[in-house]
Amino acid sequence: MKYHLVTLGCQMNKSDSERTSTVIERMGYRWTDAEEEADILGILACSVRQKSIDKVYTRISKWNHRKKDRNLLTFVSGCILPADREKFLKLFDLVFTVDELPDLPSMIRQYGIVTPASLQSPAGVPGAEKGFEPATGLEPKKNPAEIRRFWKINPHYSSAFEAFIPIQNGCDKFCTFCAVPYTRGREVSRPSGEILAELRDLVEKGYKSITLLGQNVNSYGHDKLGDEIPFHQLLEKIGEFGKRSGKDFWVYFTSPHPRDMSEEVIDVIARYDCLAKQIHLPVQSGDDKVLIRMNRNHNIDRYREIVRSVRKKLPAATLFTDIIVGFTGETDEQFENTCRLMEEFRFNMAYIAMYSPRPGATSSRWKDDIPLETKKQRLQILTDELIRHNRVYNRSLVGKNLRVLVVGEDRKKGYLKALTEGRLIVRFPSDDRSLVGQFTEVRINSAADFSLEGENLAIIEELNES
Ligand code: SF4
């Protein structure tokens, strides 16, 4: 019997889907790429964006139509607002929060489905637990013990060299444009012992790129002050392990919040080779008044202090950010301040989004008063600015040799795609698939918008020797 999962939303949902696969495969199901062959169809949904929710409805109506011809079990989990959950209960067979995932085998049994593993096990369905109540409540569970059970599931990693480790779930920041605190609940930090064990295991298996995930990753430990180490100490332990292991790997984290970005975090990244020199620090707006309306709890001066410290202590680090244009009430002058911020900080990458109200978020109750045309113009202005800075930076790398991790085939035929430690895209001519998942060194010959092109130095050396 087979299963198929659709994962929408951010890296956190992708990481959640790896654990979901583990639980389903333990029940004896096998993955299929073909939805029409699957006996179990699931979605890791994202209520944070309306587009993702629309995709859920399209999918489930197709699946429910298919139920006329075959026995199917459908479920939805992930980041779901209570209002969406209520609607999903009428459409899906099972609706559950990610922290209820360990109960999935019991839910399926309650549904009356005999799983492949239970057919082989006369003692009953593996994972079945006494006292299970089907998930029907409208409020997401807030019990930290539930998410701890979820973290204990060994994920079924979707890559052999790149992995995500959830270190925290939920968010206490309540930015007015964001629904995450309502879909995932309050911040809960995962025990550091478990995080380090998962990381050690990945490194032993040869993983090269590991990302620590959380909605607010650098407030790690704040929910357990005195009982858990803070984020910079977690990084330090990873750095010490990296030094002792003698293995080559890069560790990233996303996303941190400027409010919790301490000097200790920057200092510890500077000290250890395995802590990647790439900082993704969302700023959202270049205007203090907009930041107040967004309830970001930081101002531009504070952000400037952090960037100065990063540039001083981590001179080779790349800087990424997130920006929203056309937030409710954003004036021309306030937008100009964001343009000035782009000019001042010269980000290597900025994920720029036009504001759209997200159901459940505080700002969805305010008038979305910036015309779409204005939002589009603002988006274009910032994108042009980003491309301009990106070109200057990328051209400064031409002629240099860069260490890269090969991540797969490039869209350009006959080329492989790789990432630098700072997550800049590098392509080079090669059809040697065995390089995927390996580090190599590339001499940069040219720079395009958002990418670099070069030659694999190992090949140049071979040619020189022959
Ligand atoms: S910090 Fe703000 S934007 Fe990020 S998850 Fe929390 S509420 Fe959402």
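Residues numbered from 1 in each chain as written. Predicted model: local features only at pLDDT ≥ 70, side-chain atom pairs only at ≥ 80, totals over all residues. Heavy atoms only, no water.

1. Notes on the sheet that holds strand S6 (residues 162-166)
Defined as follows: Each pair of strands is called paired provided DSSP finds at least two bridges between the two strands. Only DSSP runs of H or I with at least four residues qualify as helices, and only runs of E with at least two residues qualify as strands; both kinds are numbered from the N terminus onward. Angles here are taken between N-to-C directions and fall from 0 to 180 degrees, while the axes themselves are lines fitted to C-alpha atoms, restricted in helices to the stretch in contact.
Read across the sheet, three strands follow the order S6-S9-S10 without closing on themselves; strand pairing throughout is parallel. Of all strands in the sheet, those bounded by a partner on one side alone are S6 and strand S10 (250-254). Here the strands of the sheet are splayed against their neighbours by 25 degrees on average, with no regard to which way each runs. Looking at chain direction, S6 and strand S9 (residues 209-213) are connected through five bridges and run parallel. The residue of S9 that forms the bridge with Glu162 is Ser209.

2. What about the site of the ligand?
How we decide: Each residue is tested against the molecule or strand, and it is near if at least one of its non-hydrogen atoms lies within 4 Å. Three classes are used: nonpolar for Ala, Val, Leu, Ile, Met, Phe, Trp, Tyr, Cys and Pro, charged for Asp, Glu, Lys and Arg, and polar for all others, with Gly counted as polar.
Taken together, the residues surrounding the ligand are Cys171, Lys173, Phe174, Cys175, Phe177, Cys178, Val180, Pro181, Gln215, Asn216, His257 and Arg296. Among the residues forming the shell around the ligand, the class breakdown is seven nonpolar, three polar and two charged.

3. Some details on the sheet that holds strand S15 (residues 415-420)
Ordered in space as S14-S15-S16-S18-S17, the five strands form a closed barrel in which the pairing is mixed. Pairs of neighbouring strands in the sheet enclose a mean axial angle of 50 degrees, with direction left out of account. As judged from the two bridges shared by strand S16 (residues 425-429) and strand S18 (residues 451-456), these two strands associate in the parallel manner. Looking across to S18, one finds that Arg427 is bridged to Glu453.

4. Section: the layout of surface pockets
Condition: Only protein atoms enter the 1 Å grid used here, on which a cavity is any set of points holding a 1.4 Å probe that cannot leave and a pocket is any open set flanked by protein within 12 Å on both sides along at least five of seven lines; residues with an atom within 4 Å of a point are listed as lining. Grid points are joined across faces, edges and corners, and a volume is the space filled by probe spheres set on the points.
For the second largest pocket, the calculated volume is near 320 Å³. As for the second largest pocket, its lining consists of Arg49, Gln50, Lys51, Ser52, Ala353, Met354, Tyr355, Ser356, Pro357, Arg358, Leu372 and Lys375. Contributions of two or more residues to the lining of the second largest pocket are made by helix H2 (50-66), strand S13 (349-354) and helix H14 (372-395). At three residues, the largest contribution of residues to the lining of the second largest pocket is made by H2. In terms of residue class, the lining of the second largest pocket is built from five nonpolar, three polar and four charged.

5. A short note on the pairing of strand S4 (residues 73-79)
Which entries qualify depends on this criterion: Burial status follows relative accessibility: with a 1.4 Å probe on protein chains alone, a residue under 20% of its type maximum counts as buried, one over 50% as exposed, and anything between as partly exposed. Handedness rule for crossovers: strands pointing away from the viewer, path from the first strand over the helix to the second running clockwise, crossover right-handed.
Most of S4 is tucked away, with seven of its seven residues classed as buried. With seven bridges connecting them, strand S3 (residues 40-46) and S4 associate as parallel partners. Following the sheet pairing, Cys46 is matched in S4 by Cys79. Tracing the backbone out of S3, into H2 and back to the parallel element S4 gives a crossover that is right-handed. Direction of pairing for S4 relative to strand S5 (residues 94-95): parallel, over a ladder of two bridges. When the bridges of S5 are listed, Phe75 appears paired with Leu94. Note on the crossover from S4 through helix H3 (residues 82-88) to S5: the handedness is right-handed.

6. Side note on the confidence of the model for the protein chain
The condition that has to hold: By definition, pLDDT measures how confident the predictor is in each residue, and it falls between 0 and 100. Contacts: residue pairs with any heavy atoms within 4.5 Å of one another.
Residues of the protein chain with pLDDT of at least 70 account for 91%, and the chain-wide mean is 89. A low-confidence stretch, residues 121-141 (pLDDT under 50), is modelled with 44 contacts involving residues beyond four sequence positions or located in other chains.

7. Regarding the pattern of salt bridges
Side chains bearing opposite charge may pair, as long as their charged atoms lie close to each other. In plain terms, the rule: Salt bridges are defined as contacts in which a side-chain nitrogen from Lys or Arg sits within 4 Å of a carboxyl oxygen from Asp or Glu.
In the structure shown here, the tally under the stated rule is 33 salt bridges. Salt-bridge contacts for Arg403 lead to Asp248; the nearest nitrogen and oxygen are separated by 2.5 Å. Note that Arg403 is positioned in strand S14 (residues 401-409) and Asp248 in the loop between helix H9 (231-245) and S10, a separation of 155 residues in sequence. With relative accessibility at 34%, the residue Arg403 sits in the partly exposed group. With a closest N to O distance of 2.7 Å, Arg378 and Glu330 form a salt bridge. Linking Arg378 in helix H14 with Glu330 in the loop between strand S12 (318-325) and helix H13 (332-345), this pair joins segments that are 48 residues apart in sequence.

8. Quick look at helix H1 (residues 11-26)
At 3.6 residues per turn, the α-helix brings residues three or four places apart onto the same side. To keep things clear, this is the line we draw: Take the number of residues in a helix, subtract one, and multiply by 1.5 Å to get its expected span.
Its 16 residues place the ends of H1 23 Å apart at the C-alpha level, agreeing with the 22 Å of an ideal helix rising 1.5 Å per residue. The buried fraction of H1 is high, at 12 of 16 residues. Taken residue by residue, H1 has Met12, Asn13, Ser15, Asp16, Ser17, Glu18, Arg19, Thr20, Ser21, Thr22, Val23 and Ile24 as its buried positions. Just downstream of H1 lies Gly28, where phi reads positive at about 100 degrees.

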